Amino acid sequence: MEKTPLAFRTHVSIFGNTNAGKSTLFNALIGQDMMIVSKERGTTTDPVTKAMELLPYGPIALTDTAGLSDKSSMGEKRIEKTEKVLDKTDFAIYAAACDEFDDKAYNDMCREFEKRRIPHLLVFTKSDLAGNEAKRADAVYVSDRDKDSIEKLKGVMIERLSKINPDDPTMIGDLLPGGSTVVMVVPIDSEAPKGRIILPQVQFLRDCLDHGIKAVVVRDTELEETLRELNRIDLVVTDSQAFKFVSSVVPQNIPLTSFSMMMAKMKGDLNAFIKGAENIERLKDGSRILMAEACTHNVSHDDIGKVKIPRLLRQYTGKSLEFDYYVHQDFPKNLEDYDLVIHCGGCMINSRSMINRIRFCEEKNIPITNYGVVLAYVNGILERSKSIFAGRLREIESDFAKMNS
């Protein structure tokens with residue numbers, strides 16, 4: 001669990017006014033003096049995230065944020081960064097000092113939590129300074145001088161987190177039964193990192209192992225030989241960039257999809273991405289497309305986001321299209337300037353971040369899709385590549401309808 005990437009951890013964030021004891025609480029929960037603690041207001045400037053194990057729940061990412069009531073010259077920028085943390089928060093802790101509770105600030109933040117559907121817990125810090133007034137039943141009271149109170153808080157967090165995440169997310173475990181055989185096609189080209197395979201492929205392979213699914217990993221150059229050697233293949237999963245070639249090689253009776261579409265099913269809303277791809281037909285000369293990536297990486301001469309997809313879309317539509325590129329974990333706010341958003345697989349952000357990006361696009365009435373879906377669409381194999389998800393897509397659509405009701 002110690003090496004679980006942040007993107008696959010439950011994100012727990014601590015919010016509250018300045019001098020509410022957020023950093024002291026953060027240090028107490030992780031068991032380290034990571035954050036500077038001072039009586040001076042505004043000590044925390046930027047959000048700080050630390051990976052930790054909340055046993056027996058599992059791996060989480062705990063984030064300490066700047067005070068929401070910061071009135072210093074840098075306060076506005078600090079608060080802006082704090083608000084961005086909300087977009088990736090799965091569970092929130094609102095910290096308030098027992099001797100300085102701002103009821104209005106708490107209620108304002110509760111509205112933000114509700115708007116983003118973030119479950120939260122009210123935690124009163126500095127409980128050793130509390131008077132004899134009655135305690136709130138909906139809150140947990142802690143003090144850094146009382147280790148038992150911190151352990152009690154962890155217990156409540158485990159209970160709450162177990163309710164919102166009862167099952168581990170899976171790419172393949174809900175699609176195929178144990179004992180199935182999957183062929184993973186991993187091209188080794190100029191974009192493949194030396195000495196390793198990329199995170200979606202690692203995650204998929206581990207997911208197969210966790211669910212008792214046999215995985216055979218091959219390069220695209222050995223695919224035909226592998227297909228001849230294996231008696232039974234239940235699914236072929238390929239890197240999106242090799243979609244067209246792999247589809248021409250794999251017999252039609254064998255299901256085929258991509259790692260990117262698997263990641264979208266697990267983390268976001270694959271239905272939204274499929275519907276978004278249909279808007280490719282509506283693109284015109286001068287249409288603007290936002291290529292959004294959640295991480296930075298070295299750009300090669302044949303980069304999928306900056307070169308391959310723009311080239312394929314121009315060829316497919318015959319239109320003069322304009323592309324802008326956004327490489328960051330924050331999502332741009334000027335979506336009204338675009339006709340389509342094409343997102344990367346999202347392996348470096350958590351599910352909450354991806355879902356919030358999809359919702360933000362929907363609020364702005366801007367279609368969004370992703371790399372794998374686009375490549376399947378323009379190569380004429382989207383129907384084939386989404387067939388493995390048929391049952392799950394109906395379930396996901398139902399789940400999102402309930403969430404949005």
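Small disclaimer: the values here were computed from a predicted structure and weren't measured.

The rules behind the values
Residues numbered from 1 in each chain as written. Predicted model: local features only at pLDDT ≥ 70, side-chain atom pairs only at ≥ 80, totals over all residues. Heavy atoms only, no water. Helix = DSSP H or I, 4+ residues; strand = E, 2+ residues; numbered from the N terminus. Buried < 20%, exposed > 50% of the residue type's maximum accessible area, 1.4 Å probe, protein only. Contact = heavy atoms within 4.5 Å. Areas by Shrake-Rupley, 256 points an atom, 1.4 Å probe, with all protein chains shown as cover. Phe/Tyr/Trp six-rings, centres within 6.5 Å; stacked < 30°, edge-to-face > 60°. Pairing = 2+ DSSP bridges. Axes fitted to C-alpha atoms, helices over the stretch in contact; angles between N-to-C directions. Polar contact = N/O pair within 3.5 Å; in protein donor to acceptor, adjacent residues only side chain to side chain. Core = buried A, V, L, I, M, F, W, Y, C linked by side-chain atoms within 4.5 Å. Expected span 1.5 Å × (residues − 1). Right-handed = clockwise from strand over helix to strand, strands pointing away. Salt bridge = Lys/Arg side-chain N within 4 Å of Asp/Glu carboxyl O. Parallel < 35°, antiparallel > 145°, perpendicular 65-115°, else oblique. Nonpolar A, V, L, I, M, F, W, Y, C, P; charged D, E, K, R; others polar.

Let's shift gears to the overall build of the chain. The secondary structure content of the chain amounts to 14 helices and 14 strands. Counting every position in the chain, which comprises 405 residues, the buried fraction comes to 51%. The contacts in the chain between residues at least 6 apart in sequence include a share of 74% that link residues at least 24 apart. When the accessible area of the chain is evaluated, it comes to approximately 19900 Å², of which 48% is carbon and sulfur surface.

For the rest of this paragraph, the subject is the packing of aromatic side chains. Within this structure, the stated rule accounts for seven aromatic pairs. A ring pair is formed by F101 and F124, whose centres lie 5.1 Å apart and whose planes are at 70°; its orientation type is edge-to-face. Taken as a pair, F101 in the loop between β4 (91–97) and α3 (103–115) and F124 in strand β5 (residues 120–125) lie far apart in primary sequence, 23 residues in all. Note on F101: relative accessible area 29%, which makes it partly exposed.

Attention now goes to the sheet that holds strand β7 (residues 181–185). The four strands lie next to each other as β8-β7-β9-β10, forming an open sheet whose pairing is parallel. Because the sheet does not close on itself, it has two edges, and the strands there are β8 (214–218) and β10 (256–258). Going across the sheet, the axis of each strand differs from the next one's by a mean of 25°, ignoring polarity. Across three bridges, the pairing between strand β9 (residues 235–238) and β10 is parallel. Residue pairing for β10: V236 is matched across the bridge by L256. On the sheet, helix α8 (residues 259–267) packs against β7, β9 and β10 and is oriented at approximately 75° with respect to β10.

This part takes up the side chain of K265. Residue position: K265 is located in helix α8. Residue classification places K265 among the buried positions, given a relative accessible area of 4%. Looking at K265, its side chain comes within polar contact range of the main-chain oxygen of M171, at 3.1 Å.

Of note, G173 is situated in the loop between α4 (147–164) and β7. G173 sits 34 residues away from D207 along the chain, and the two C-alpha atoms are 6.9 Å apart. When near neighbours in sequence (up to four residues on either side) are disregarded, G173 contacts D207 and H211.

This part is about the nonpolar core. Counting 77 residues, the largest nonpolar core has F204 and L313 as the members making the most contacts within it. Looking at this core, the element that brings in the most residues is helix α12 (residues 371–378), giving seven residues. When sequence neighbours within four positions are dropped, the list of residues in contact with L313 reads I280, I289, G318, L321, F323, I342, V374 and V378. Ranked by size, the runner-up nonpolar core spans 23 residues in total, among them I93, A95, L121 and I150.

Here we take up helix α11 (residues 351–363). Taking 1.5 Å of rise per residue, 13 residues should cover 18 Å, and α11 covers 18 Å from first to last C-alpha, within 8% of that figure. Counting buried positions over the 13 residues of α11 gives 10, a clear majority of the element. Of all the residues in α11, the buried ones are R352, S353, M354, I355, N356, R357, I358, R359, F360 and C361. Two residues or fewer after α11 comes N365, characterised by a positive phi angle close to 60°.

Here the focus is the pairing of β9. Along β9, one buried face is formed by L235 and V237 and the opposite face, lined by V236 and T238, is buried too. With respect to chirality, the unit in which β9 leads through helix α7 (residues 243–249) into the neighbouring parallel β10 is right-handed.

Okay, the pattern of salt bridges next. What the rule picks out here adds up to 17 salt bridges. Between R288 and D324 there is a salt bridge, with the nearest N and O atoms lying 2.1 Å from each other. Here R288, found in strand β11 (residues 288–293), pairs with D324, found in strand β12 (residues 322–327); they are 36 residues apart in sequence, far enough to count as distant. Through salt bridges that share partners, D87, E112, K115 and R116 make up one connected network.

Before going further, it helps to spend a moment on the packing of helix α5 (residues 199–210) against α8. Between α5 and α8, the least distance of the axes is 10 Å, while the angle of their chain directions is 70°. Relative to α8, the element α5 is oriented roughly perpendicular. Where α5 approaches α8, its residues P200, Q201, Q203 and F204 are matched on the opposing element by F259, M262, M263 and M266. Its residues placed into classes, the contact of α5 with α8 shows six nonpolar, two polar and no charged.

The next point concerns the pairing of β11. Of all the six residues making up β11, five are buried; the element is thus mostly covered by neighbouring parts of the structure. Two elements, β11 and β12, share six bridges in a ladder whose sense is parallel. Paired with I289 across the bridge in β12 is F323. Looking at chain direction, β11 and strand β13 (residues 340–343) are connected through four bridges and run parallel. Residue pairing across strands places I289 opposite L340, the latter belonging to β13.

By themselves, these figures tell us nothing about what the structure is for.
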